[in-house]
Amino acid sequence: MAATISYDDVEVGTELPPKTFPIQRSNLVRYAGASGDFNVIHWNERVAKSVGLPNVIAHGMFTMAEASRILTEWVGDPGAVVDYGVRFTKPVPVPDDDQGATLEVTAKISEKLDDRRVAVDITARAGDDKVLGRAKAVLQLA
């Protein structure tokens, strides 16, 4: 695969199309199986609340991965993500209902770099909470 977005077609301030990702408890179960992270706060509401959490919470790395989809879906090639990092600022509580949680992700080009690369700032929110801080990526464009 190769990036489908051309470096020449973007400028600083270019916004990527916003994305919304539903998160339900079943997503957490599948992620736990894939990652091997069976920490009880990701599936047992009683325990999660007993340690001061508002509810079962999404895995941080699951949240990070979901947020990165704004990049990979826009650029057209997961291999075009050269660098990606975040800080976890708030948990994503996932209620046990038909709605679950919603992760809303926006991103924009913050800098044009050498070698047809761009820096991207990402914002991820669950409800009113910003759940990822210093979320930044570098993409290799066509």
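What you are looking at is a predicted structure, and each value in this text was computed from that prediction instead of being measured.

The rules behind each value
- Residues numbered from 1 in each chain as written.
- Predicted model: local features only at pLDDT ≥ 70, side-chain atom pairs only at ≥ 80, totals over all residues.
- Heavy atoms only, no water.
- Helix = DSSP H or I, 4+ residues; strand = E, 2+ residues; numbered from the N terminus.
- Buried < 20%, exposed > 50% of the residue type's maximum accessible area, 1.4 Å probe, protein only.
- Contact = heavy atoms within 4.5 Å.
- Salt bridge = Lys/Arg side-chain N within 4 Å of Asp/Glu carboxyl O.
- Polar contact = N/O pair within 3.5 Å; in protein donor to acceptor, adjacent residues only side chain to side chain.

*Asks:* Honestly, the environment of isoleucine 70 in this entry has me stumped. Any pointers?
*Replies:* With respect to the secondary-structure elements, isoleucine 70 resides in helix H3 (residues 60-75). Since its relative accessible area comes to 1%, isoleucine 70 is described here as buried. Measuring from C-alpha to C-alpha, the distance between isoleucine 70 and valine 10 comes to 16 Å, with 60 residues separating the pair along the chain. Setting aside chain neighbours within four positions, we find isoleucine 70 in contact with Leu16, Pro17, Pro18, Lys19, Phe21, Val105, Thr106 and Ala107.

*Asks:* For this particular structure, what's the right way to read the pattern of salt bridges?
*Replies:* When the charged atoms of two side chains with opposite charge come close together, those side chains can pair. In total, this model carries eight salt bridges according to the counting rule given. Across the pair lysine 19 and glutamate 73 runs a salt bridge, and its minimum N-O distance is 2.9 Å. Pair noted here: lysine 19 is in strand S1 (residues 15-23) and glutamate 73 is in helix H3, with a separation of 54 residues, a long-range link. Residue class for glutamate 73 comes out partly exposed when judged on its relative accessible area of 38%. The partner of glutamate 45 in a salt bridge is arginine 25, and the shortest N-O contact between them spans 3.1 Å.

*Asks:* Explanation requested: the side chain of serine 6 in the structure shown.
*Replies:* Residue placement: serine 6 occurs in the segment before S1. Polar contacts involving the side chain of serine 6 include one to the main-chain amide nitrogen of aspartate 8, which spans 3.2 Å. Sequence-distant contacts of serine 6, defined by excluding residues within four places in its chain, comprise Arg116, Leu141 and Ala142.

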